[in-house]
Structures are given as structure tokens and as C-alpha cells.
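# Residue-level structural notes
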Amino acid sequence: MAATIRDIANAALVSETTISLAFRPGSRLSAKTRQHVLAVAAKLGYVPNQAARDLRLRKSTVIGLIVPDITNPFYALIARHATNAARESGYRLFVAESRWDIATERESLVHLVHAQAGGVLACFCAPESDGGAILRRHRIPCVALDVIPDAYTGPAATNDLRTAGMLAGEHFAQLGARRPALFVPGADAPRFGGFRDLLDGFSEALTQAGVGLDRTRIIDAEATMEGGVAGFARLMAVAPDTDAIFCGNDLCALGAMQAADAAGRRVGRDLALLGIDDMPMAGLSRIELSSIRQPVERLSAAATQMLLGAMQGGVTTPSPLHLPPELVI
């Protein structure tokens with residue numbers, strides 16, 4: 001039979017109120033007493049009923065995070081940093097995955113509603129995502145993270161992709177590239193406003209440098225390694241003389257690097273290549289992928305604090321928070 005709060009109180013020789021305070025971050029309990037209670041609880045295998053506590057206090061300590069692809073290192077880092085930020089404030093984070101599918105995203109959000117999540121951090125999967133409206137109907141605060149759907153009007157924290165695009169264009173111009181290409185999902189109609197910003201910034205920087213961006217070199221490529229491989233094949237079919245490629249993320253860039261090697265084009269000698277995210281693997285000596293670093297930890301922490309403020313009744317501004325990127329050669 002599972003140990004109860006009364007069992008812990010009797011074993012620790014303290015009141016049941018003291019037991020409750022020991023499991024509450026930031027309570028008035030002394031560090032010595034808390035450590036004593038937690039040691040006794042651990043010995044007896046006690047697990048506090050957080051759901052019952054939330055119900056009693058009429059306050060949920062559950063935060064939901066929905067991401068399109070948990071295997072993508074970028075979203076995995078968002079989950080880690082958001083978890084840390086939530087834990088520091090006494091909240092728990094539950095992660096759901098949409099797999100880039102709106103129906104799955106809706107289903108995951110409904111599960112978070114049923115789980116009585118107090119708020120949701122949402123990396124939405126498509127411009128037409130209606131997840132913000134679903135959460136608003138249930139009066140659950142939401143902060144859009146990384147990308148913003150077309151109809152979303154709530155608070156958001158994103159990376160400044162227009163500046164990222166300009167950094168990439170300036171970098172290629174400085175390298176002497178004259179026939180650059182861009183790999184983004186949905187090249188004819190970029191999937192998210194962020195990708196449109198990326199395209200605009202990239203094109204503007206190249207134009208200012210007197211280089212320009214040929215429309216045939218804007219290639220539809222998914223933000224995966226497979227997308228980079230397929231994108232490189234499409235590019236070679238229409239513009240084999242391309243001398244620089246800017247990819248929408250590092251995974252796509254790694255796929256393009258692999259395809260270029262297979263085609264006998266050496267990155268760094270025959271072809272300039274740039275990704276976004278600056279994943280740890282991009283710095284490995286056998287890869288050495290130049291990338292545009294996005295402040296993932298700051299982004300996740302800022303979004304989490306925005307959400308906690310909304311959950312605690314604070315006023316949030318609908319104006320998105322844009323964090324600047326950094327070019328890493």
C-alpha cells in the first residue's frame with residue numbers, strides 16, 4: 001500500500017502541514033526541516049498527489065509544450081530549456097508532438113485541455129493552425145514559440161529570421177558568391193511567416209551587395225536531412241552552377257552537404273553552405289558547418305516566463321518578442 005501524507009508525518013514527527021510545505025517550492029519551511037521530510041518521504045516511497053493539490057488550490061502546475069518533431073535537436077533543446085525554466089518556478093512540463101500534422105496537433109491540444117494544463121507553449125506546425133483558438137475557448141493561456149500561425153493574435157516569442165536571412169546574404173556576398181540558393185519548405189509560398197522573413201532578409205542583403213537572388217534558386221526543401229538531399233537534387237537539375245546554399249535549418253544543410261559530397265562537390269572548396277540553429281554536431285571537426293545560431297535557451301526561458309505571467313493573471317502583450325541571431329563560422 002502506498003505511503004500517505006499521514007504516514008510521512010508520523011515517521012518524521014512533524015505535522016501534515018509541514019509535509020505539504022516541504023513539497024512546495026519557495027515555502028517558509030527551513031532547509032533543514034525540508035531535507036528531513038524529503039529524506040523520510042523518499043525512504044517510505046511517498047509520491048505526492050500533485051493533481052489533488054492543484055485541485056485543492058484551484059491552480060494548475062502543469063504546462064503543456066507541443067512541438068512538430070521531438071527528434072529534431074532544435075525542438076529537443078526547446079523542451080529541455082522550457083522544462084528547466086518551468087521547474088525553477090515550481091511547474092511541470094508535459095511535451096506533446098504534432099509530427100507536422102494539424103489533426104494530430106489538435107488532438108494533442110485537446111489532451112492537454114483534458115489534463116487541465118494551466119498553460120501551453122506551442123510550436124505550431126502550420127500557418128493555418130487553429131490551436132490558439134482552441135485554447136482560448138477553454139481559457140487556457142498560450143504563448144506561440146518559434147513560429148506564429150497566420151490567424152494567431154496572442155503573445156509569442158520567436159527568432160528574428162529576417163535578420164538571420166540578412167546575415168546569410170551578407171556572409172555569402174563577402175565570400176564572393178555570385179550564384180547563391182535558398183532551401184526553405186514551400187518555396188513558392190513559404191510555409192510560415194518566419195520563412196518569408198528569412199527569404200526577404202536574404203534577398204535584400206544580396207541585392208544590396210549587387211548579387212541578387214534568382215527565383216530558380218529558391219528551392220522547396222523540408223527542414224530535415226532528407227529534405228536537404230532532395231533539395232540538392234532539385235537545385236542541380238535547374239542550376240548546377242550554384243556556388244552557395246543557405247538552408248532553413250542545420251538538418252537540411254547536413255543533407256545538402258551529404259548530397260554535395262556524393263556529387264563530387266566539396267563544401268568549403270567548391271560550394272559555400274550555411275544552416276540555421278548551430279546544433280552541437282555542426283561544430284564537429286568532420287562536419288564544420290557554418291550556421292546561424294539562434295538563442296534557444298533565451299527563447300525558451302522568455303516564452304515560459306511570458307506564459308507563467310499569463311497563468312498568474314499578469315498582463316501580456318500580443319506584440320511578438322523577437323530575439324536576434326548570431327553568425328557562427
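### Let's talk about the overall build of the protein chain
The helix and strand tally for the protein chain stands at twelve helices and twelve strands. Seen through its principal axes, the protein chain has C-alpha atoms that stretch 80 × 45 × 30 Å. In the protein chain, buried positions account for 50% of the 329 residues. On the protein chain, roughly 16100 Å² of surface is accessible, and the fraction owed to carbon and sulfur atoms is 52%.

### Notes on helix H10 (residues 225–238)
Spanning 14 residues, H10 covers 21 Å between terminal C-alpha atoms, matching the ideal 20 Å at 1.5 Å per step. Tucked into the core, H10 has its buried residues touching strand S6 (180–184), strand S7 (218–220), strand S8 (244–247) and helix H11 (250–262).

### Topic: the sheet that holds strand S1 (residues 62–67)
If you trace the six strands from one edge of the open sheet to the other, you get S2-S1-S3-S4-S5-S11, paired in parallel fashion. If you trace the sheet from one side to the other, it starts and ends with strand S2 (92–97) and strand S11 (321–323), each paired once. Between one strand axis and the next, the sheet turns through 20° on average, direction left out of account. Inspection of the sheet shows strand S5 (residues 156–159) paired to S11 by three bridges, in the parallel sense.

### Let's talk about the sheet that holds S6
The six strands are arranged S7-S6-S8-S9-S10-S12 in an open sheet whose pairing can be described as mixed. Either end of the sheet is taken by a strand with one partner, and the two such strands are S7 and strand S12 (326–328). Adjacent strand axes in the sheet meet at a mean angle of 20° when their direction is disregarded. Pairing analysis gives three bridges linking S8 to strand S9 (residues 272–277), with the strands arranged parallel.

### Remarks on the pattern of salt bridges
Taken as a whole, this structure holds eleven salt bridges when the rule is applied. For Asp-241, the salt bridge identified is with Arg-179, shortest N-O distance 3.6 Å. Of the two residues, Asp-241 sits in the loop between H10 and S8 while Arg-179 sits in the loop between helix H8 (161–175) and S6, which places them 62 residues apart along the sequence. Residue class for Asp-241 comes out partly exposed when judged on its relative accessible area of 39%. The class of Arg-179 is partly exposed, set by a relative accessible area of 32%.

### Side note on the state of the cysteines
By the definition in use, this model includes zero disulfides. Cys-123 forms no disulfide, and the closest cysteine sulfur to it belongs to Cys-142, at a distance of 10.0 Å. Judged by relative accessible area, Cys-123 falls into the buried class, the value being 1%. Cys-125 takes part in no disulfide bond, and the closest cysteine sulfur, belonging to Cys-123, lies 11 Å away. Using a relative accessible area of 3% as the deciding quantity, one classes Cys-125 as buried.

Here is what the cut-offs are and how they apply
- Residues numbered from 1 in each chain as written.
- Predicted model: local features only at pLDDT ≥ 70, side-chain atom pairs only at ≥ 80, totals over all residues.
- Heavy atoms only, no water.
- Helix = DSSP H or I, 4+ residues; strand = E, 2+ residues; numbered from the N terminus.
- Buried < 20%, exposed > 50% of the residue type's maximum accessible area, 1.4 Å probe, protein only.
- Areas by Shrake-Rupley, 256 points an atom, 1.4 Å probe, with all protein chains shown as cover.
- Expected span 1.5 Å × (residues − 1).
- Contact = heavy atoms within 4.5 Å.
- Pairing = 2+ DSSP bridges.
- Axes fitted to C-alpha atoms, helices over the stretch in contact; angles between N-to-C directions.
- Salt bridge = Lys/Arg side-chain N within 4 Å of Asp/Glu carboxyl O.
- Disulfide = S-S within 2.5 Å.

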